[in-house]
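# Structural description and commentary
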Amino acid sequence: MKTFKMISFGLLTGDEAEYLPMLDGIIINQENSHRMWILEMFLDMEYKERFEKLKEEEAHIEAKVVISYPENEPAAFVLAVDTVHEIGDRVSVLLKGRLKRQRSEYAEQLLSELLDLGFEGQALLERFESDMRARPRLKKK
């Protein structure tokens, strides 16, 4: 197993990632045959009900997670809520899931989409670099 610091957690809804204000977070690569990961976040109590509902629904959620360093690209995960525990006036949320395989042609598809939107020159370069870090969902072709 390998353990890492979770820098940020973005819950995906449609094409948007809602980054939750974590107080602390850890992520564990179990390095097993199932390629499972465990994520634990420490959040304000206001998120308790939301994650309890996701657990009750046995929902599979998609998230973008930045691991170890803020400048790292977010990794995409498909997760399920395992446990939600109150700790004092905060909540600990334990999630389990798998790293989502990124399409190998992401950069090419992103560039094509930006060109279709009319980006060029320095604006194209800046938007491409920004979107490569943020990894927004691309339109399906």
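Residues numbered from 1 in each chain as written. Predicted model: local features only at pLDDT ≥ 70, side-chain atom pairs only at ≥ 80, totals over all residues. Heavy atoms only, no water.

## Here we look at helix α2 (residues 106–116)
All of the buried residues in α2 are Tyr106, Leu110, Glu113 and Leu114. Along the axis of α2, the buried positions cluster into a sector of 100°, meaning they face one direction only. Opposite the buried face of α2, by more than 90 degrees, sit the exposed residues Glu108 and Asp116. Elements in contact with the buried residues of α2: α3 (121–134). Positive backbone phi, at 95°, marks Gly118, one or two positions downstream of α2. (Buried < 20%, exposed > 50% of the residue type's maximum accessible area, 1.4 Å probe, protein only. Helix = DSSP H or I, 4+ residues; strand = E, 2+ residues; numbered from the N terminus. Arc of directions from axis to C-beta. Contact = heavy atoms within 4.5 Å.)

## Topic: α3
Helix length check: α3 (14 residues) gives 20 Å between terminal C-alpha atoms against 20 Å at 1.5 Å per residue, within 8%. Among the residues of α3, those classed as buried are Leu124, Asp131 and Met132. With its buried residues spanning 105° around the axis, α3 presents them on a single face. Those residues of α3 hidden inside the fold are in contact with α2. Positioned one or two residues after α3, Arg135 has a phi angle of 50°, which is positive. (Expected span 1.5 Å × (residues − 1).)

## Topic: the pattern of salt bridges
Pairing between side chains becomes possible if they bear opposite charge and their charged atoms approach one another. On inspection of all chains with the given rule, the structure shows nine salt bridges. For the salt bridge of Asp24 with Lys5, the shortest nitrogen-to-oxygen distance reads 2.4 Å. Note that Asp24 is positioned in strand β3 (residues 24–29) and Lys5 in strand β1 (residues 2–13), a separation of 19 residues in sequence. In this structure Asp24 comes out as partly exposed when scored by relative accessible area, which is 40%. In this structure Lys5 comes out as partly exposed when scored by relative accessible area, which is 41%. Residue Arg127 pairs with Asp131 through a salt bridge whose shortest N-O separation is 3.0 Å. (Salt bridge = Lys/Arg side-chain N within 4 Å of Asp/Glu carboxyl O.)

## As for the confidence of the model for the protein chain
For the protein chain, per-residue confidence averages 90 on the pLDDT scale, and residues scoring 70 or more make up 96% of the total. Across the protein chain, the element-wise mean pLDDT spans from 88 in α2 up to 97 in helix α1 (residues 48–56). (pLDDT = per-residue confidence, 0-100.)

## Focus on the pairing of strand β4 (residues 36–44)
Pairing of β3 with β4 involves six bridges; the strand directions are antiparallel. Residue pairing for β4: Gly25 is matched across the bridge by Met41. Taking the residues that link successive antiparallel strands as the turn, the β3-β4 hairpin has six residues, and the phi of Glu31 there is positive, at about 50°. In this sheet, strand β7 (residues 90–99) lies alongside β4 in antiparallel orientation, the contact comprising nine bridges. Of the residues in β7, the one forming a bridge with Ile38 is Lys96. (Pairing = 2+ DSSP bridges.)

## Digging into the packing of aromatic side chains
In this description, a pair of aromatic rings is defined by centroid distance and the angle of the planes. Taken as a whole and judged by the stated rule, the model has two aromatic pairs. Taking 5.4 Å as the distance between ring centres and 75° as the angle between the ring planes, the aromatic pair formed by Trp37 and Phe77 counts as edge-to-face. Placement of Trp37 in strand β4 and of Phe77 in strand β6 (residues 75–87) is noted, with a sequence separation of 40 residues between them. Overall, Trp37 belongs to the buried group, its relative accessible area being 11%. Judged by its relative accessible area of 0%, Phe77 falls in the buried class. (Phe/Tyr/Trp six-rings, centres within 6.5 Å; stacked < 30°, edge-to-face > 60°.)

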